[in-house]
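Now for the letters of each chain:
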Amino acid sequence: MTVKVTCLGGAVLDLIYGVDELPHEDGKSIARSYAESGGGMAANAAVIVSRLGGQAIWCGRVGDDDKGRRILDGLRLEKVDVRTAKVVPGVQSSHSIVLKDRIGNRAIILYRSEALDFDPSWLPLEKLLVADAVLADNRWIEGAVALLSAARARGIPAVLDADSAGDDTTLQAVSAASHVVFSAPGLAALFKTETPEEGLRRAHQHAPFVAVTLGSKGVLWLDENGATRHVPSFPVTAVETVGAGDIFHGAFAFALGRGQSEEDGLRFAAAAAAIKCAGEGGRESFPRMPDVEALLASPKTSKSASARDA
């Protein structure tokens, strides 16, 4: 049975430049590589769902410009259903300049038009909820709350990608979701905490399941007893981390949609994200199911542990 996942939120066109070092002061840098790739948190999540063999829907807003057409064409190329997307007349689509260095660090400059329609009343929720799981990012809070609330009311796993670029309104989407996975900066900024553990405890007051990604340090999450648990990362040599977080969230939603436990879903997502970090070229290096299964089956990988063992 094909797993169906609806992903709602951001889609951008990424212009990716490879440099020796990220610039720290005024001056010129020479790019050693260049690639254009579709990007955006929810859009990338939809792509990884499709790569893993699932049926993905992306719903969101683009402008009626060339960038918007390229964004939608890129998603169609990945077999993502974009028929519920909204094209807003006279608006420039979101795009970003991405600088990445030789060891996988990145700097992103994002342009997102404030003229995009924020009113979620147009969303075709009945079409979007024909899914085994839904995912929303915090780039469009009004849309995220509408979708996550409706999915949760129907008992459908409702995953929020709570990244750092949001603001305090992200809490509305946290409260609407059944599963929230934060970035470390996003968790710290939203709950004004010094440690991920404290942030998770505060987040758990608003959502049933909460976790935070810590890059090479793995993932922390709270189990049903409120204990902090740890899923270790998979050891890879990182060459490009652009999109890795999006892949993590999309793979986690996919895993929940096919009935995996939260713990197994986090481990599955960590494997998918690790494979991406070891490749470059934007979506060209997004993994497929055999890649993820091979990494999970490797004797060098390990199961999750309590936080005190991390």
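Definitions and cut-offs
- Residues numbered from 1 in each chain as written.
- Predicted model: local features only at pLDDT ≥ 70, side-chain atom pairs only at ≥ 80, totals over all residues.
- Heavy atoms only, no water.
- Core = buried A, V, L, I, M, F, W, Y, C linked by side-chain atoms within 4.5 Å.
- Buried < 20%, exposed > 50% of the residue type's maximum accessible area, 1.4 Å probe, protein only.
- Contact = heavy atoms within 4.5 Å.
- Salt bridge = Lys/Arg side-chain N within 4 Å of Asp/Glu carboxyl O.
- Helix = DSSP H or I, 4+ residues; strand = E, 2+ residues; numbered from the N terminus.
- Pairing = 2+ DSSP bridges.
- Axes fitted to C-alpha atoms, helices over the stretch in contact; angles between N-to-C directions.
- pLDDT = per-residue confidence, 0-100.
- Polar contact = N/O pair within 3.5 Å; in protein donor to acceptor, adjacent residues only side chain to side chain.
- Phe/Tyr/Trp six-rings, centres within 6.5 Å; stacked < 30°, edge-to-face > 60°.

A.B. asks: So what exactly am I meant to see when it comes to the nonpolar core here?
C.D. replies: Looking at soluble globular proteins, one finds that nonpolar side chains tend to be buried together. Among the nonpolar cores identified, the biggest contains 53 residues, and Trp58 and Leu266 are the most heavily contacted of them. Contact partners of Leu266, with chain neighbours within four places excluded, come to Phe209, Ala211, Val219, Trp221, Val231, Phe248 and Phe252. Grouped together as the second largest cluster of nonpolar side chains are 36 residues, Leu8, Ala144, Ile156 and Leu160 included.

A.B. asks: Would you explain the pattern of salt bridges in this entry?
C.D. replies: Side chains that differ in charge, positive against negative, can pair when their charged atoms come close. All told, the structure shown has 16 salt bridges when counted by the stated rule. The residue Arg70 makes a salt bridge to Glu36 at a minimum N-O spacing of 2.2 Å. With a gap of 34 residues between them, Arg70 in helix H2 (residues 66–77) and Glu36 in strand E3 (residues 33–39) connect regions that are remote in the sequence. Residue classification places Arg70 among the partly exposed positions, given a relative accessible area of 32%. Looking at Glu36, the relative accessible area reads 42%, which means it is partly exposed. Among the salt bridges present, the one from Glu263 reaches Arg229, with a minimum N-O distance of 3.8 Å. Placement of Glu263 in helix H9 (residues 262–277) and of Arg229 in strand E14 (residues 228–231) is noted, with a sequence separation of 34 residues between them. Judged by relative accessible area, which is 25%, Glu263 ranks as partly exposed. Overlapping salt bridges, with partners in common, bring together Asp20, Arg32 and Arg102 in one network.

A.B. asks: I tried to follow the sheet that holds strand E7 (residues 95–100) on my own but got confused; where do I start?
C.D. replies: Strand pairs in the sheet, formed through backbone hydrogen bonds, run parallel or antiparallel to each other. Taken together, four strands build an open sheet; the order of strands is E3-E2-E7-E8 and the sheet is mixed. The open sheet has two edge strands, E3 and strand E8 (106–111), and neither has a second partner. Sheet twist, expressed as the mean angle between neighbouring strand axes with direction ignored, is 20°. Relative to E8, E7 is paired through six bridges, and the arrangement is antiparallel. Bridge assignment links Leu99 to a residue of E8, and that residue is Ala107.

A.B. asks: Explanation requested: the pairing of strand E9 (residues 133–137) in the structure shown.
C.D. replies: Two faces make up the sheet, and in a regular strand the side chains alternate between them. Within E9, five of the five residues are buried, leaving the element largely enclosed by the surrounding structure. Of the two faces of E9, the one holding Ala133, Leu135 and Asp137 and the one holding Val134 and Ala136 are both buried throughout. By the bridge criterion, four bridges tie strand E1 (residues 4–8) to E9 in an arrangement that is parallel. Paired with Thr6 across the bridge in E9 is Val134. Bridge analysis of E9 against strand E10 (residues 158–162) gives four bridges, and the strand direction is parallel. What sits directly across from Ala136, in E10, is Leu160.

A.B. asks: What exactly am I supposed to notice about the pairing of strand E4 (residues 55–59) here?
C.D. replies: Counting buried positions along E4 yields four of five residues, so the element is predominantly enclosed. The sheet contact formed by E1 and E4 spans five bridges and is parallel. Bridge pairing in E4 places Thr6 opposite Ile57.

A.B. asks: I'm lost on the confidence of the model for the protein chain in this one. Help?
C.D. replies: Per-residue pLDDT for the protein chain averages 91, and the proportion of residues at 70 or more is 96%. Contacts of residues 302–310 to residues separated by more than four positions or lying in other chains number 19 contacts, the stretch itself having pLDDT below 50.

A.B. asks: I tried to follow the side chain of Asp14 on my own but got confused; where do I start?
C.D. replies: Position of Asp14 among the secondary structure elements: in strand E2 (residues 12–18). Polar contacts involving the side chain of Asp14 include one to the side chain of Ser96, which spans 2.3 Å. Look past the residues within four positions of Asp14 in its chain and what remains in contact with it is Ala35, Glu36, Ser37, Gly38, Gly39, Ser96, Val98 and Val242.

A.B. asks: What am I meant to see in the packing of aromatic side chains here?
C.D. replies: The description of an aromatic ring pair rests on the distance of the ring centres and on the angle between the ring planes. Applying the stated criterion across every chain, the model contains six aromatic pairs. For the ring pair Tyr17 and Tyr34, a centre distance of 4.9 Å and an interplane angle of 50° mean the geometry is tilted. Residue Tyr17 is found in strand E2, and its partner Tyr34 is found in strand E3; the two are separated by 17 residues along the sequence. Judged by relative accessible area, which is 44%, Tyr34 ranks as partly exposed. Here the aromatic rings of Phe209 and Phe252 are separated by 5.9 Å at their centres, their planes lie at 25°, and the arrangement is stacked.

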